[in-house]
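Commentary on secondary and tertiary structure
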Amino acid sequence: MDASEFISSATQIVSSMVGTIGALEQASWDLDEAPKRIKSLEEFILNALVQRLHPNITKARGIVSNSKRKSMAKIVQNSVAGDPLGKLVSTIRDDLNWWLESQRLMQDVEKGSHRVILIVGLSGIGKSCMARQVGSDPSANFVDGAVQLGFGQWCSRAACNGNRAEYQKRLARKICKFLVQIGFWKKIEDENTGDLEYIRCLLQEALYGKSILILLDDVWEQDIVERFAKLYDNDCKYLVTTRNEAVYEITEAEKVELGKDDTTEMGKAILLYHSLLSEEELPSVAESLLERCGHHPLTVAVMGKALRKEIRAEKWEKATTNLSTFATCAPGPVSYVNEKEAENTLTIFGSFEFSLEAMPGDSRKLFIALAAISWAEPVPEACLEAIWSVLGQEMMFPLIVCKLVEGSLLMKTDTDPLYQVHDMVSLYLDSKTNDSVVFLVNESSDENKALICPWLFIFGKESVKRISEQKIETFLSVFEEKQAVTTIEAIIKALMASKTISDFEASRATFVGILGPRIEGLISSGSQGLVAVSAEAITNIFNRSDYCNYFPSFESTGAVEKLSMILENCEDPKIQTNISIVLAKLAEFGSSKTVNKVLQSIHFNQLADLLSPDAEEWHESMFTILMSLTIAGKSKAVERMIACESDKNLIKLLENGTEVVQHHAIVTLKAFYELGGCPTNGFLQPANLNLLPWQNVTLLPKPQILEDLIHMVLDSNYKQVMEAMQDLIPIVEKAGNPKIRDMILNSPLIKRLSELLQSGNSQQSSMKSESAFLLMKLACAGGEPCIKKYLEYDIIPELVKMVQCTIVQHQDAAYTALHQMLFGSGGVLVLKNIFQMGLIEKMAHSIESKSMKTREINVHCLLDIVELGNKKCLERMFSLQVVEKLAKLEKLSGGSGETVVGFLKGIDKCKHLSQAERRVMKQQVVRKVRVAMKGHKFESRILAGLDACASEGSIRGASSSGRK
């Protein structure tokens, strides 16, 4: 079917639907007939319309069902609020008309010869909405799906004041975000170089051979489209939305222009919807208002909400006059737009002014304050709360922000506490930036400045960031305790509000640059409050590199003594914990002299008490402290811990703790006995030690026996090989002995086992499984030297390949081998090999396999990698949409929540993350699952389990003490 036939067919279908809607409208007067007609309509809907129309049809059915029992109360309600079924009829009709237009555009995308399809129109006219509709259900031709990348004014030359280098840097950052979205990770860590040409080369490589529908939304510059369109060796198409006529002039593009004629019909419907009025209640002068708004959807929506439930004609006349007045006085638009766009922008800005005028003063004040924020990305609710806290009473925030949302000046996401604004609102706010800085920074008290500047430094516009950075440096340099404490507390809260671990890392590194050189002076101040909050900042912000850079200077300034003095006189568990962590890290990265000082200062009795099963909120910090002290002080530290019965409490946690706590307890006990020796006074007796996973007893075999068995394995006789492999098991289990390990490594055994893994002979199926088992045993006993040998023969990729196959015996053997290798002494090398060879991508792809066993095995592999990995591994999984895929599995498997909760538990167990990083990543997982499960029947059950796991063991949680 060609495009014209398709449109003709679709028109007939939609005409039939509209006729059915008309019947439904009649049914609103004949309630006995309505249920049958609603059912008929629902069955008639095409698959592409279900998601958009089904909620309204469901509401209609509910209204009809409830209306069967007519009562005086129902008649009164309908007379006052209007007939709800009639309103839904109008909404469904509008949905059908809108859908038909999007289907015409989809046909252009699928069948058109051009690689670029441009949707051009005035701001707020519905370009992005239409593009997203097309992208939500891409053609099967786009085998790699659809991806959206928004640009906005932030990524334009005008926003960079003509600075070419800054513009290219911003564009490079946007393209890097796109590369992460499609799972391309090669050298992404170089994104901050701002080398646009280098990033373009990466983009060319990433899209090679791909077939993706790429939505480039709100493009302001022509060269952005051209950079994508010039990419070659791919079957991608680009659906572009723009208001810039210069972009429209690209000749090699299919062009779709949305104008006033496209919005006239829907203008009145939008006005009715937002004003909450029926057609009968709507004053006749509303037509004049629609004309003044140019039937522009965003302007009509803003004005409609400002006139909500207003039926007096004089108020509508005044609104029309005021809109003209406000439009005349509104700040002008950016320079490059044409005259038509300029007039449209002034009208939209005028509607904003009118809407603000109708709002309470507090809402107006908050809205102007939001001009300090960069709206290039959604902003967390905590940031808006912080801004409001310097303007008014904190408990009023939900009411104040609700007014802005109702007025279409602010948009809140359905699943996350995140806010964003329409690009026209962002443009309007640009003209108010100076006003917001005046009353947020210049005219506010020092305490309020200290509170808000860290938030503006992370989420503010570039000009605001520079001002905020200067204020932060001032507050941390003059050592005014109150302002310094408030600033550091705000820094920690702002960091914890990061949406992703990448955002967290970027902000963390920036704050370390400010705080690091000053941290020694803050600790040396001697003020308990300042030292305590500085210790908390170190705990949340510093990483290993920062400890190495800044801690050596602490040894000569008496920092250990000052921290010890505060610890001695403090009874607050939170302060005790943070200071103990800093002391433990000082010992881990300091000299032997510092280690001795710290061991004398630490209150080991307090640490043991906080390890008790009922002190769950402190366990994570206690494990961190004990590990650092054990690494630094070895037997000295372990002896003191055991003297205070820390090992006894760890054993209790093994018996009664959660899965995550049990994991950390056994890791800590392992460190005690590996780094501190085997103390005679410990609660873990030698008989019990044999039950734990790090004990190996070795008896040397005779060399001749080993050589004979290896020679048999090299034979081609199936039965002989299998017998020899069985006889080798007790020998390879003793490979922890260097002599045995060297004998095996110098033999051809590992090479032969790798060959058997690669064998495709069906008769050798059992050999493959037995080879995997023998390699696992050898790795567990022989450790890192054996793993290095495995890497020479590509054994890890072969095991992953076995995991992907459809033979259950092979899958189980391969997964067991990988699991044991990952958790063994050479696990870091195995993980690195999996990461570098792109095997995570294979596992992520396989969790969508049709085979239930394949899905299950690969999920287990990925959860192991979460537990053992680092930030890069986890970020790659996020980019591969592993969390979303796990949520999809939950929908198919009955919604137990086991896999997504397992992902969170893996993050909890991961020892390569700081507490702050762990918290941010868990929040990121929860947000992703909320989006994926929205509206599903298992949503509440899975989210309940997820929320419980996300908060398990976290110190202080996400809440913070309010400002007095």
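Everything numeric in this text was worked out from a predicted model, so none of it was measured. (Residues numbered from 1 in each chain as written. Predicted model: local features only at pLDDT ≥ 70, side-chain atom pairs only at ≥ 80, totals over all residues. Heavy atoms only, no water.)

1. What to know about the overall build of the chain
When helices and strands are counted, the chain shows 50 helices and eight strands. Considering only residue pairs separated by 6 or more positions, the chain has 73% of its internal contacts joining residues 24 or more positions apart. (Helix = DSSP H or I, 4+ residues; strand = E, 2+ residues; numbered from the N terminus. Contact = heavy atoms within 4.5 Å.)

2. Some remarks on the pattern of salt bridges
Oppositely charged side chains are able to pair whenever their charged atoms sit close together. Using the criterion set out here, one finds 35 salt bridges in the structure. Across the pair Arg 227 and Asp 223 runs a salt bridge, and its minimum N-O distance is 3.2 Å. Residue Arg 227 and its partner Asp 223 are both found in helix H9 (residues 222-229); the two are separated by four residues, about one turn of the helix. In this structure, the salt-bridge partner of Asp 812 is Lys 853, at a minimum N-O distance of 2.8 Å. (Salt bridge = Lys/Arg side-chain N within 4 Å of Asp/Glu carboxyl O.)

3. Re the packing of helix H27 (residues 559-568) against helix H28 (residues 573-589)
One can describe the packing of H27 onto H28 by two numbers: an axis separation of 10 Å at closest approach and a directional angle of 150°. Judged by the inter-axis angle, H27 sits roughly antiparallel to H28. Judged by the twist between their axes, the crossing of H27 over H28 is left-handed. Note on element contacts: H28 touches H27 through Gln 576, Ile 579, Ser 580, Val 582, Leu 583 and Leu 586, opposite Val 560, Leu 563, Ser 564, Ile 566 and Leu 567. A class-by-class count of the residues in the contact of H27 with H28 yields eight nonpolar, three polar and no charged. (Axes fitted to C-alpha atoms, helices over the stretch in contact; angles between N-to-C directions. Parallel < 35°, antiparallel > 145°, perpendicular 65-115°, else oblique. Left-handed = near helix turned anticlockwise from the far one by under 90°. Nonpolar A, V, L, I, M, F, W, Y, C, P; charged D, E, K, R; others polar.)

4. Considerations on empty space enclosed by the protein
Enumeration according to the criterion identifies two cavities of 30 Å³ or more in this entry. Estimated volume of the second largest cavity: approximately 40 Å³. Along the walls of the second largest cavity sit Gln 576, Thr 577, Ser 580, His 603, Gln 606, Leu 607, Leu 610 and Met 622, which together make up its complete lining. With three residues, H28 is the single largest residue contributor to the lining of the second largest cavity. Class assignment of the residues belonging to the lining of the second largest cavity gives a composition of three nonpolar, five polar and no charged. (1 Å grid on protein atoms, 1.4 Å probe; cavity = no way out; pocket = protein on both sides within 12 Å on 5 of 7 lines; lining within 4 Å. Points joined across faces, edges and corners; volume = space filled by probe spheres on them.)

5. Focus: the nonpolar core
A general tendency of soluble globular proteins is for nonpolar side chains to be buried together. Formed by 218 residues in total, the largest nonpolar core has its most connected members in Phe 352, Trp 375, Ile 387, Leu 629, Leu 799, Met 821 and Phe 903. Cys 155, Ala 172, Leu 196 and Leu 216 belong to the second-largest nonpolar core, a separate cluster that totals 36 residues. (Core = buried A, V, L, I, M, F, W, Y, C linked by side-chain atoms within 4.5 Å. Buried < 20%, exposed > 50% of the residue type's maximum accessible area, 1.4 Å probe, protein only.)

6. Quick look at the sheet that holds strand S7 (residues 411-412)
The sheet built from three strands is open, its strands ordered S6-S8-S7 with antiparallel pairing. On the outer flanks of this sheet lie strand S6 (379-380) and S7, each paired with one strand and no other. Bridge count for S7 against strand S8 (residues 418-420) is two bridges, and the pairing is antiparallel. When the sheet's bridge partners are listed, Met 411 is paired in S8 with Gln 420. (Pairing = 2+ DSSP bridges.)

7. Side note on the confidence of the model for the chain
Mean pLDDT over the chain: 77, with 78% of residues reaching 70 or higher. Note on residues 1-8: pLDDT under 50 across the span, and seven contacts to partners over four residues away in sequence or across chains. In the model, residues 694-702 has pLDDT below 50 throughout and makes 17 contacts with residues more than four positions away in sequence or in other chains. (pLDDT = per-residue confidence, 0-100.)

8. Here's the deal with the packing of helix H39 (residues 765-782) against helix H42 (residues 808-822)
In contact at an axis separation of 9 Å, H39 and H42 are set at 10° when each is read in the N-to-C sense. Our classification of the angle between H39 and H42 gives roughly parallel. Facing H39, whose interface residues are Ser 765, Ser 766, Lys 768, Ser 769, Ala 772, Leu 775, Met 776, Ala 779 and Cys 780, H42 presents Gln 809, His 810, Ala 813, Thr 816, Ala 817, Gln 820 and Met 821. Looking at the contact of H39 with H42 residue by residue, the classes come out as eight nonpolar, seven polar and one charged.

9. Some thoughts on unusual backbone geometry
Here the phi dihedral of Asp 218 falls at roughly 55°; this positive angle occurs in a residue that is not glycine. Relative to the helices and strands, Asp 218 is located in strand S3 (residues 213-219). For Asp 218, a relative accessible area of 13% translates into the label buried.

10. Things to note about the pairing of strand S2 (residues 146-150)
Across the two faces of S2 the burial differs, with Val 147 and Leu 149 buried and Ala 146, Gln 148 and Gly 150 not buried at all. Across five bridges, the pairing between S2 and S3 is parallel. The residue of S3 that forms the bridge with Gln 148 is Leu 215.

11. Describing the packing of aromatic side chains
Counting across every chain of the model gives 11 aromatic pairs. Between the aromatic rings of Phe 457 and Phe 511, the centroid separation amounts to 5.4 Å while the plane-to-plane angle is 55°, which identifies the pairing as tilted. Remark: Phe 511 occurs in helix H24 (residues 501-524) and Phe 457 occurs in helix H21 (residues 446-459); sequence separation between them is 54 residues. The class for Phe 457 is buried, based on a relative accessible area of 9%. The rings of Phe 542, Tyr 547, Tyr 550, Phe 551 and Phe 589 are connected pair by pair, giving a single aromatic cluster. Above the plane of the ring of Phe 835 lies Arg 876, whose end atom (NZ or CZ) is 3.9 Å from the centre. (Phe/Tyr/Trp six-rings, centres within 6.5 Å; stacked < 30°, edge-to-face > 60°. Lys NZ or Arg CZ within 6 Å of the ring centre and 35° of its normal.)

12. Details of the environment of Cys 644
Tracing the backbone shows Cys 644 in the loop between helix H31 (619-643) and helix H32 (646-656). Through-space distance from the C-alpha of Cys 644 to that of His 603 is 9.6 Å; in sequence the pair is 41 residues apart. Those residues in contact with Cys 644, other than ones at most four positions away along the chain, are Phe 604, Asn 605 and Ala 608.

13. Details of helix H47 (residues 882-893)
Residues lying three or four places apart along an α-helix face the same way, a consequence of the helix completing one turn every 3.6 residues. Between its first and last C-alpha, H47 extends 16 Å over 12 residues, near the 16 Å set by a 1.5 Å rise per residue. Buried residues of H47: Val 882, Val 883, Lys 885, Leu 886, Ala 887, Leu 889 and Glu 890, and no others. A positive backbone phi angle near 110° is found at Gly 894, which sits one or two residues after H47. (Expected span 1.5 Å × (residues − 1).)

14. Points about the pairing of S3
Burial of S3 is extensive: seven of the seven residues sit out of reach of the surface. Bridge count between S3 and strand S4 (residues 237-242): five bridges; the pairing is parallel. Bridging from a neighbouring strand, Ile 214 pairs with Tyr 238 of S4. For the crossover that starts at S3, traverses H9 and ends in the parallel S4, the hand is right-handed. (Right-handed = clockwise from strand over helix to strand, strands pointing away.)

15. Brief notes about the side chain of Asn 540
With respect to the element layout, Asn 540 can be found in helix H25 (residues 528-541). Look at Asn 540 and you get buried, because its relative accessible area is 2%. Looking at Asn 540, its side chain comes within polar contact range of the side chain of Arg 919, at 3.1 Å. (Polar contact = N/O pair within 3.5 Å; in protein donor to acceptor, adjacent residues only side chain to side chain.)

16. Concerning helix H8 (residues 196-206)
Taken as a whole, H8 has its buried residues at Leu 196, Ile 199, Leu 202, Leu 203, Gln 204 and Ala 206. Contacts from the buried residues of H8 go to helix H7 (164-181) and H9.

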